[in-house]
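The lines below spell out each chain.
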Number of protein chains: 2
Amino acid sequence: MGALRQPERSGASAALCALVPVWILLSSVLGLKAEDDGIEELATEKEAEESHRQDSVNLLTFILLLTLTILTIWLFKHRRVRFLHETGLAMIYGLLVGVILRYGIPATSYHNKTPPSCSLKEGPASTLLLNVSGKFFEYTLKGEINFREIHNVEQNDMLRKVTFDPEVFFNILLPPIIFHAGYSLKKRHFFRNLGTIITYAFLGTAISCFVIGNLMYGVVKLMQVVGQLADKFYYTDCLFFGAIISATDPVTVLAIFNELLVDGDLYALLFGESVMNDAVAIVLSSSIVAYQPSGANTHMFDAAAFFKSVGVFLGIFSGSFVMGAATGVVTALVTKFTKLHCFPLLETALFFLMSWSTFLLAEACGFTGVVAVLFCGITQAHYTYYNLSEESTKRTKQLFEVLHFLAENFIFSYMGLALFTFQNHIFSPIFIIGAFIAIFIGRALNIYPLSFLLNLGRRHKIKGNFQHMMMFAGLRGAMAFALAIRDTATYARQMMFTTTLLIVFFTVWVFGGGTTPMLSWLHISVGVDPDQDLEPCGYSFQVLQGDGPHAEGRSKTKQESAWLFRLWYTFDHNYLKPILTHSGPPLTSTLPSCCGPLASCLTSPQAHENHEQLRDPDSDLIRNDTDLTFTFGDTAITANGASSSSGADAGGGLGWSANGKRKGSTSEEALEHELDSREQELLSRGTRLVFPIEDHV
Amino acid sequence: MGALRQPERSGASAALCALVPVWILLSSVLGLKAEDDGIEELATEKEAEESHRQDSVNLLTFILLLTLTILTIWLFKHRRVRFLHETGLAMIYGLLVGVILRYGIPATSYHNKTPPSCSLKEGPASTLLLNVSGKFFEYTLKGEINFREIHNVEQNDMLRKVTFDPEVFFNILLPPIIFHAGYSLKKRHFFRNLGTIITYAFLGTAISCFVIGNLMYGVVKLMQVVGQLADKFYYTDCLFFGAIISATDPVTVLAIFNELLVDGDLYALLFGESVMNDAVAIVLSSSIVAYQPSGANTHMFDAAAFFKSVGVFLGIFSGSFVMGAATGVVTALVTKFTKLHCFPLLETALFFLMSWSTFLLAEACGFTGVVAVLFCGITQAHYTYYNLSEESTKRTKQLFEVLHFLAENFIFSYMGLALFTFQNHIFSPIFIIGAFIAIFIGRALNIYPLSFLLNLGRRHKIKGNFQHMMMFAGLRGAMAFALAIRDTATYARQMMFTTTLLIVFFTVWVFGGGTTPMLSWLHISVGVDPDQDLEPCGYSFQVLQGDGPHAEGRSKTKQESAWLFRLWYTFDHNYLKPILTHSGPPLTSTLPSCCGPLASCLTSPQAHENHEQLRDPDSDLIRNDTDLTFTFGDTAITANGASSSSGADAGGGLGWSANGKRKGSTSEEALEHELDSREQELLSRGTRLVFPIEDHV
């Protein structure tokens, strides 16, 4: 309850959580002693043993709770119950256990005496020595406690026992969830909607954050007026709340989409947006914390501080991105150039360790581990995945799937638990109602205006019912919770935490449960075969191409970004893929002839096979799509039937395969085909369990 | 360095380590703060951030170390290098990093002031309150520190940082290793040699423990005479050392056996013995710790205390066994009676959580979690495995394989690290040399006399070269290390720890590396197809049957134990398998007719299919092995061609399948066939990586 701030708590402990084997070191959490402590034997031992038993029982209860959740999930899936998703269920069980822990169990305190106390003049240090008749004992600072709580230290023990360090969520439970999202994100639909998704993720999250932040500032002012505000609540706090509550997590909705085979593009938009906006929300909240105007006038607007925050945002985001991508690239290179795929176990272990080291690397450099892990996941899926042995692809997928499943259900059941066991809740009806209204408005001002703008540039419009569905699917989940629980030191943060918890409960139960009726109410088609709705490539890069009738005014910028993306894709397809994986065209045909020796050294034998395959005139790679032909490389892009400068190739020739040199080609088609071909194996359409198909609503 | 004992450290923290998701909660280990600590902002924050960075870098180094190990392992496997196994390699890398940490890095202490100190008259409590001008701070006891080390608190920080809580090894790293051993142990060869393995594990470990203990007591007396002993070293300490050093871990040897396809029985003997003697050694060491004679005459022999210890041994062992088996049975029932196998992810998660809950359950009841986990693994493999979906069988296998691989390599690299970073080493040349001689003698007095006795009863003798190989394969590994590091509070324990470390290094490098030459020197045949060397069933239960010419004198007891085992196998095959799995004969045919409704309720449809299948006269289950026919159930066993009382069935009839009632049958054959049929999928022959077959030495 101390009124101090701890803006850099994140930094304080993140890497600790990533200790070498992920599961090690837990032991000290609840007060274990270090290696060579010779504590007074009898009392301590008895106490420790009693405490140990108690812990075992508590934890056993928790495991049995998760087991029960799994069994109920199965029952629900078996009986095709859709109104309650597993995460909602986990929360309910968590709530029940929370109630039992709070009210059901008498406070069994195993040390009956109040702790001894001693006085010092100086401020607290992290380490304190205690001199007991010549023997020295080392003590570690646990935290400040309120004077009135001193006598409750033991009574609260039971509830504190089930209160994990909040950094655990951020550093232990989120990484597997986020990595898995990145690793399973590699979907054709995702890449086709990349521009749209990025727009929603960056612009949308920023809009949502500022709208919610400003609305909440109004609410706070109102509370001040009516005298409902007991302590300070700054504008930056409101913005921070806006940032954390902007992270959406539509797991429930996506699970139902997956079951009902809802349109692949809608799925990709929602899934992609939710994954990317998690990263944006993390970095945004760090930037807001970093916003510290100089001088006395803190917490008010200051241009220098604002630009510093923007700089922090860009720096952390790009740094984390680079870290994640770099580790992915290193893993891809290692798996390509060693014959590690003969030993799937080694390969899986390496993959696991490398992916984890991303987290550490980013944290060591002061970036955000979770964001780095996301981009590492995407890179691993885009490159490394192709180098793994078939067994390893399954192993890695399943390993992270299990980790993700356990972590997610744990977070959600902990949320339920936290409602009753967290001891500093501040329920403020005005703030809570205000927050519900604000997130609604924030989501609306994110989805509808951006969709309108995006539709200007999209060939394939985001239909009205899709927009409503995206609006509806703005559920809040694990990320919002983890960001909120990270720092609950001040009055403002405690109020935010309580409100976030309630928002998560409400959205998961109500919006999650209402997905199926909503789908039929919005007449969104279900039962779409994810592989049938693929239009020829004209559908790609909708945002980026000025081929729509409404796009004239913005075609310049769009052409530029299209140019950037084309450049990237050509580069990826012609250089990165061949260098990092065994797929793609051989480097000998894409690199200038002067780099011959290097090229042949880097090209794997498989690439030459690919080469031969692509030459095959029967290959379904070669499409006669005259409506829209993409040409990459040095030539310009042309749309809607206009012929390009490399029109000679438009009939179906793959430039680099014809004469061994890059000369512009339908490499986009090749890329997309490539994405399709092996991707079918990858977790289809997202992160949730695949459900047997049934008659659709 | 306190001279106090902490016999029940194990109890103190075991369950803490098993917190709900295995990987959570690490964060507090290195001194994180609890949730609502309002610490003086600036100093602490800076310090925390610096500390955090430093930690990240340290841990990153560790992960890269493991990555490097994996890559080198691959290189070694690729180049068919056999003189150094991956565990040996991990130790070398650990040593290198240990040297760097110890000598390479200057002591970068991030808090430069000596910690403040305060005095109290009473003994230390686990919680201490500090009053700094009205504000109260809570401190947690970390441990006693030596007076002379007070000023080194910061200097040692670096080394302490890489020193994990010893309980971590026991409670976090060992369980997956042991569980995996149990889960992959289900081998036909293991069951055929069960009696021999149990004899080696129980009698052999006890012999080894007492021989080593007594020899070491002699060494200690010698050290006392020559004045090399600086502190107390009791007889119980010597016995404790005997117990911890009796746990063998021939991973290196088994990996080579696996590669070279060494005789399956030798493999099963070694693997089985090493798995079981780990459990025995843990419980034995706990019992020795529990040996506390009453009165002043501690540490000397006392009949009451001795019997108490024996009671503790039996109690803990059987309790842990029952816990493990019970959880396995519950999991089997749950997976049988729910259709969870439609959802492999749920199934895997359930399997994981249930297996873990064994650990907690055992710890909560005061038993040994690690031992319970071993028997849980065996039960899961024997029953639950058959109920899992095909995907889950792979998933669970691979999940635990990866966990096992990472945990094992981590332990071994940590061992290397510990040689330089552990700060209380006591190198005593006499003790070390004595210990090397003692473990040699202890192993010899375990293997040779027991083999002689066992050979009296075995049809298929344990040949001399097999005995020499078993003698040679007495490597010490993870278990001995974990038991030794668990308590390093006293002088005696520190000396034991140092010695154990050196013994592990020596045996893994020298004996591990010498396996291949030793195999050829002993003329042990390699390249044996594991499925070809199966003799007809006469080979089973060798120990238990009095069919050898030398066995007359012991036939009574052996007949009895054979009777017990037959009873168990019949029970298992006719009741447990059908109740717990979908395999085996339908219960309707094995249960008395009065239990008809219950039987048909418990029998799964698959069992009836099995029934039909077994009826098939072409089934290869039915063997005409007239040399030795086993009949189970109510009839007596007969060997060497003598006809049994149910001889009418000996021609190949399966009693229960003929008329739907159990009437004595070749259920042993059926059982063995059953073991064979699905087991081929299971991790073949042990825990190590499968190596491509090559020309044999």
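Given the structure is predicted, the values throughout are model-derived calculations rather than measurements.

### Let's talk about the overall build of chain A
Then step 1. The helix and strand tally for chain A stands at 25 helices and 3 strands.
Then step 2. Per-residue burial for chain A yields a buried fraction of 66% across its 697 residues.
Then step 3. Taking the intrachain contacts of chain A between residues at least 6 apart in sequence as the baseline, contacts between residues at least 24 apart amount to 81%.
Then step 4. Accessible surface, chain A as shown: approximately 24300 Å² in total, 63% of it carbon and sulfur.

### What to know about the packing of aromatic side chains
All names here are of chain A.
Then step 1. One pass over the full model with this rule turns up 57 aromatic pairs over all chains.
Then step 2. Judged by centre distance (6.3 Å) and plane angle (55°), the ring pair of phenylalanine 352 and tryptophan 356 falls under tilted. Within this pair, phenylalanine 352 and its partner tryptophan 356 are both found in helix 12 (residues 344-364), separated by 4 residues, close to a single helical turn. Taken as a pair, phenylalanine 352 and tryptophan 356 share a single burial class, namely buried.

### A word on the nonpolar core
Then step 1. Phe241(A), Phe257(A), Met469(A), Phe241(B), Phe257(B) and Met469(B) are the most contacted members of the largest nonpolar core, which totals 304 residues.
Then step 2. When sequence neighbours within four positions are dropped, the list of residues in contact with Phe241(A) reads Ile212(A), Met216(A), Phe431(A), Ala435(A), Met496(A), Thr499(A), Thr500(A) and Ile503(A).
Then step 3. Among the nonpolar cores identified, the runner-up in size contains 14 residues, and Leu130(A), Phe137(A), Tyr139(A) and Phe137(B) belong to it.

### Some points on the environment of Tyr217(A)
Residue and element names in this part refer to chain A.
Then step 1. Take tyrosine 217: it is sitting in helix 7 (residues 194-226).
Then step 2. With a relative accessible area of 22%, tyrosine 217 lands in the partly exposed category.
Then step 3. The residues contacting tyrosine 217, other than those within four sequence positions of it, are Tyr234, Tyr235 and Cys238.

### Observations concerning the state of the cysteines
Residues and elements named next belong to chain A.
Then step 1. Under the defined criterion, the tally for this structure stands at 0 disulfides over all chains.
Then step 2. Here cysteine 365 is not disulfide-linked; the sulfur of cysteine 376 is the nearest cysteine sulfur, at 14 Å.
Then step 3. The partly exposed category is assigned to cysteine 365, whose relative accessible area is 38%.

### Digging into the packing of helix 5 (residues 166-183) of chain B against helix 14 (residues 390-421) of chain B
All names here are of chain B.
Then step 1. Running from amino to carboxyl end, helix 5 crosses helix 14 at an angle of 135°, the nearest separation of the two axes being 8 Å. As the angle between them shows, helix 5 and helix 14 are arranged oblique. Crossing handedness for the pair helix 5 and helix 14: left-handed. The residues of helix 14 that touch helix 5, namely those facing Phe169, Leu173, Leu174, Pro176, Ile177, Phe179, His180 and Tyr183, are Thr396, Lys397, Phe400, Glu401, Leu403, His404, Ala407, Glu408, Phe410, Ile411 and Tyr414.

### Considerations on the pattern of salt bridges
Residue and element names in this part refer to chain B.
Then step 1. Here the structure, examined in full by the defined rule, presents 8 salt bridges over all chains.
Then step 2. Among the ionic pairs, glutamate 273 bridges to arginine 443, the shortest N-O distance being 3.0 Å. With glutamate 273 in helix 10 (residues 264-290) and arginine 443 in helix 15 (residues 429-457), the pair connects residues that are 170 residues apart, well separated along the chain.
Then step 3. The class of glutamate 273 is buried, set by a relative accessible area of 0%.

### Concerning helix 12 of chain A
All names here are of chain A.
Then step 1. The terminal C-alpha atoms of helix 12, which comprises 21 residues, lie 30 Å apart, in line with the 30 Å expected from a rise of 1.5 Å per residue.
Then step 2. With 20 of 21 residues buried, helix 12 lies mostly within the body of the structure.
Then step 3. One or two steps after helix 12, the chain reaches glycine 366, where phi turns positive at roughly 85°.

### With respect to a nonpolar patch on the surface
Residues and elements named next belong to chain A.
Then step 1. Taken together, the side chains of Leu215, Ile433, Ile437, Phe440, Ile441 and Leu445 make up a nonpolar region of the molecular surface, amounting to roughly 520 Å² of accessible area.
Then step 2. With 5 residues, the single largest contributor to the nonpolar patch is helix 15 (residues 429-457).
Then step 3. The residue leucine 215 is located in helix 7 in this model.
Then step 4. The class of leucine 215 is partly exposed, set by a relative accessible area of 32%.

### Considerations on the confidence of the model for chain A
The predicted coordinates ought not to be read in detail in places where the model reports low pLDDT.
Residue and element names in this part refer to chain A.
Then step 1. A residue-level look at chain A finds 64% of positions with pLDDT of 70 or above and a mean pLDDT of 71.
Then step 2. For chain A, the element scoring lowest by mean pLDDT is helix 1 (residues 9-13), at 34; helix 15 scores highest, at 92.
Then step 3. Note that pLDDT drops below 50 for residues 108-113; the model gives that stretch 13 contacts with residues more than four away or on any other chain.
Then step 4. Scored below 50 in pLDDT, residues 614-672 shows 117 contacts in the model against residues more than four places distant or in partner chains.
Then step 5. Prediction confidence for the complex, expressed as pTM and ipTM, is 0.75 and 0.72 respectively.

### Digging into helix 3 (residues 86-104) of chain B
Then step 1. Here helix 3 of chain B contains 19 residues, and its C-alpha end-to-end distance of 25 Å stays within 8% of the 27 Å for a straight helix at 1.5 Å per residue.
Then step 2. Residues of helix 3 of chain B that are buried include every one of Glu86(B), Thr87(B), Gly88(B), Leu89(B), Ala90(B), Met91(B), Tyr93(B), Gly94(B), Leu95(B), Val97(B), Gly98(B) and Leu101(B), and no others.

Parameters and conventions
Residues numbered from 1 in each chain as written. Chains lettered and ligands numbered in written order. Predicted model: local features only at pLDDT ≥ 70, side-chain atom pairs only at ≥ 80, totals over all residues. Heavy atoms only, no water. Helix = DSSP H or I, 4+ residues; strand = E, 2+ residues; numbered from the N terminus. Buried < 20%, exposed > 50% of the residue type's maximum accessible area, 1.4 Å probe, protein only. Contact = heavy atoms within 4.5 Å. Areas by Shrake-Rupley, 256 points an atom, 1.4 Å probe, with all protein chains shown as cover. Phe/Tyr/Trp six-rings, centres within 6.5 Å; stacked < 30°, edge-to-face > 60°. Core = buried A, V, L, I, M, F, W, Y, C linked by side-chain atoms within 4.5 Å. Disulfide = S-S within 2.5 Å. Axes fitted to C-alpha atoms, helices over the stretch in contact; angles between N-to-C directions. Parallel < 35°, antiparallel > 145°, perpendicular 65-115°, else oblique. Left-handed = near helix turned anticlockwise from the far one by under 90°. Salt bridge = Lys/Arg side-chain N within 4 Å of Asp/Glu carboxyl O. Expected span 1.5 Å × (residues − 1). Patch = residues over 30% accessible without salt bridge, like charges linked within 9 Å, V, L, I, M, F, W, Y side chains within 5 Å. pLDDT = per-residue confidence, 0-100.

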